[in-house]
Amino acid sequence: MSSFPARLARLYGGLALYGAGIGLQVESGLGNDPWDVFHQGVAIRAGVSIGTVIIGVGALVMLLWIPLKQRPGFGTISNVVFLGLFADAAIFLLPTPAHLVLQASYVVLGVVAVALATVLYIGAGMGPGPRDGIMTGLVRLGLSVRMSRFLIEITVLAAGWLLGGTVGIGTLVFALAIGPLTQLFTRWFPLT
């Protein structure tokens, strides 16, 4: 295991990159990943920033950890506090693309950023993100990883879409590419 400062750099670098990936997908206007469809839908209804919702939902989701007997780590708390701030900063700083080619490049860059960020963040070994903790808790209760992930993702996607979050080709690209890209990045940034 790397030194604590290296693990912290990996954790916060991963969270910052993840926030940038969220910002790129949101600004593309072509569709968000399932959780961010939900976050955006709630943000629209509540009249607050998507980052504020990411923080609030992260904190609320951690309450679901109690019956699932999950324990947060330093990385879990950092995710709750900082991911939304990084996402809001990216959305504020990124220009909204007006041309389809630029929108598509935002989607591609966003998905690549989230995949790399996931490997960096998880590889820091400082605790799962609040949303991932639900999945691992459901797995401990007997559901498969595939089924628990599917149920969570389809639920937040549907709820977010009903609330007005953006679903589109970017959502599909994310769904198809995130797994293979994350696996690819583990070659350069091992999880152990």
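Residues numbered from 1 in each chain as written. Predicted model: local features only at pLDDT ≥ 70, side-chain atom pairs only at ≥ 80, totals over all residues. Heavy atoms only, no water.

(A) Local environment of the overall build of the chain. If you tally the helices and strands in the chain, you get 8 helices and 0 strands. Expected size for 192 residues packed as a compact globule is a radius of gyration near 16 Å; at 16 Å, the chain falls within 12% of this value. Of all 192 residues assigned to the chain, the portion counted as buried reaches 45%. Sequence separation of at least 24 residues holds for 80% of the intrachain contacts in the chain that already meet a minimum separation of 6. Only carbon and sulfur atoms are counted for the fraction: they give 74% of the accessible area of the chain, which is about 9,700 Å². Side chains of the chain give 10 positive and 6 negative charges; the mean places of these two sets differ by 14 Å. (Helix = DSSP H or I, 4+ residues; strand = E, 2+ residues; numbered from the N terminus. Rg over C-alpha atoms; globule rule 2.2 N^0.38 Å. Buried < 20%, exposed > 50% of the residue type's maximum accessible area, 1.4 Å probe, protein only. Contact = heavy atoms within 4.5 Å. Areas by Shrake-Rupley, 256 points an atom, 1.4 Å probe, with all protein chains shown as cover. Lys, Arg positive; Asp, Glu negative; His and termini not counted. Charge placed at Lys NZ, Arg CZ, Asp CG, Glu CD.)

(B) Molecular detail of the packing of aromatic side chains. Across all of its chains, the model carries 5 aromatic pairs by this definition. Centre to centre, the rings of tyrosine 12 and phenylalanine 74 are 6.4 Å apart; their planes meet at 85°, and the pair counts as edge-to-face. One end of the pair, tyrosine 12, is in helix α1 (residues 4-28); the other, phenylalanine 74, is in helix α4 (residues 74-93), with 62 residues separating them in the sequence. You can call tyrosine 12 partly exposed: its relative accessible area is 25%. Through successive ring pairs, a cluster of aromatic residues spans Tyr12, Phe74, Phe82 and Phe86. The ring centre of tryptophan 35 lies 5.5 Å from the NZ or CZ of arginine 131, which sits over that ring. (Phe/Tyr/Trp six-rings, centres within 6.5 Å; stacked < 30°, edge-to-face > 60°. Lys NZ or Arg CZ within 6 Å of the ring centre and 35° of its normal.)

(C) Representation of the nonpolar core in the model. Ile22, Trp35, Ile50, Ile54, Val57, Val61 and Ile134 are the most contacted members of the largest nonpolar core, which totals 21 residues. Elements represented by at least two residues in this core include exactly α1, α2 (34-46), α3 (50-68), α4, α6 (130-140) and α7 (145-163). At 8 residues, the largest contribution of residues to this core is made by α3. Apart from residues lying up to four places away in sequence, isoleucine 50 is in contact with Val26, Asp36, His39, Gln40, Ala43, Asp88 and Ile91. In this structure, Val111, Ala115, Leu116 and Phe185 belong to the second largest nonpolar core, which totals 12 residues. (Core = buried A, V, L, I, M, F, W, Y, C linked by side-chain atoms within 4.5 Å.)

(D) Seen up close, the pattern of salt bridges. Considering all chains together, one arrives at 2 salt bridges under this definition. Two residues, arginine 149 and aspartate 132, come together in a salt bridge whose shortest N-O distance is 3.2 Å. Remark: aspartate 132 occurs in helix α6 and arginine 149 occurs in helix α7; sequence separation between them is 17 residues. The salt bridge partner of arginine 149 is glutamate 153, with a shortest N-O separation of 3.0 Å. A residue pair is termed a helical-turn pair when its members lie 3 or 4 positions apart in one helix, as arginine 149 and glutamate 153 do in helix α7 at 4 residues. The class for arginine 149 is partly exposed, based on a relative accessible area of 34%. When salt bridges that share partners are traced, they join Asp132, Arg149 and Glu153 into one network. (Salt bridge = Lys/Arg side-chain N within 4 Å of Asp/Glu carboxyl O.)

(E) Up close: the side chain of glutamate 27. Residue placement: glutamate 27 occurs in helix α1. No salt bridge is formed by the buried glutamate 27; its nearest oppositely charged neighbour, arginine 131, is found at 18 Å. Residues within four places of glutamate 27 in sequence aside, it is in contact with Ile91, Leu94, Pro95, Thr96, Pro97 and Tyr106.

(F) Seen up close, α4. Between its terminal C-alpha atoms α4 stretches 28 Å, which fits the 28 Å expected from 20 residues at 1.5 Å a residue. The largest bend in α4 comes to about 35°, at valine 80. On the buried face of α4, the contacting elements are α1, α3, α5 (100-123) and α6. (Expected span 1.5 Å × (residues − 1). Bend = angle between axes of the 7 residues up to and from the residue.)

(G) Fine view of the packing of α3 against α6. The interhelical angle for the contact between α3 and α6, taken along N-to-C directions, is 20°, at an axis separation of 8 Å. By the angle between their axes, α3 is roughly parallel relative to α6. In the packing of α3 onto α6, the handedness of the crossing is left-handed. Facing α3, whose interface residues are Ile54, Val57, Gly58, Val61, Met62, Leu64, Trp65 and Leu68, α6 presents Pro130, Arg131, Gly133, Ile134, Gly137, Leu138 and Arg140. When the residues that make up the contact of α3 with α6 are grouped by side-chain class, the tally is 10 nonpolar, 3 polar and 2 charged. (Axes fitted to C-alpha atoms, helices over the stretch in contact; angles between N-to-C directions. Parallel < 35°, antiparallel > 145°, perpendicular 65-115°, else oblique. Left-handed = near helix turned anticlockwise from the far one by under 90°. Nonpolar A, V, L, I, M, F, W, Y, C, P; charged D, E, K, R; others polar.)

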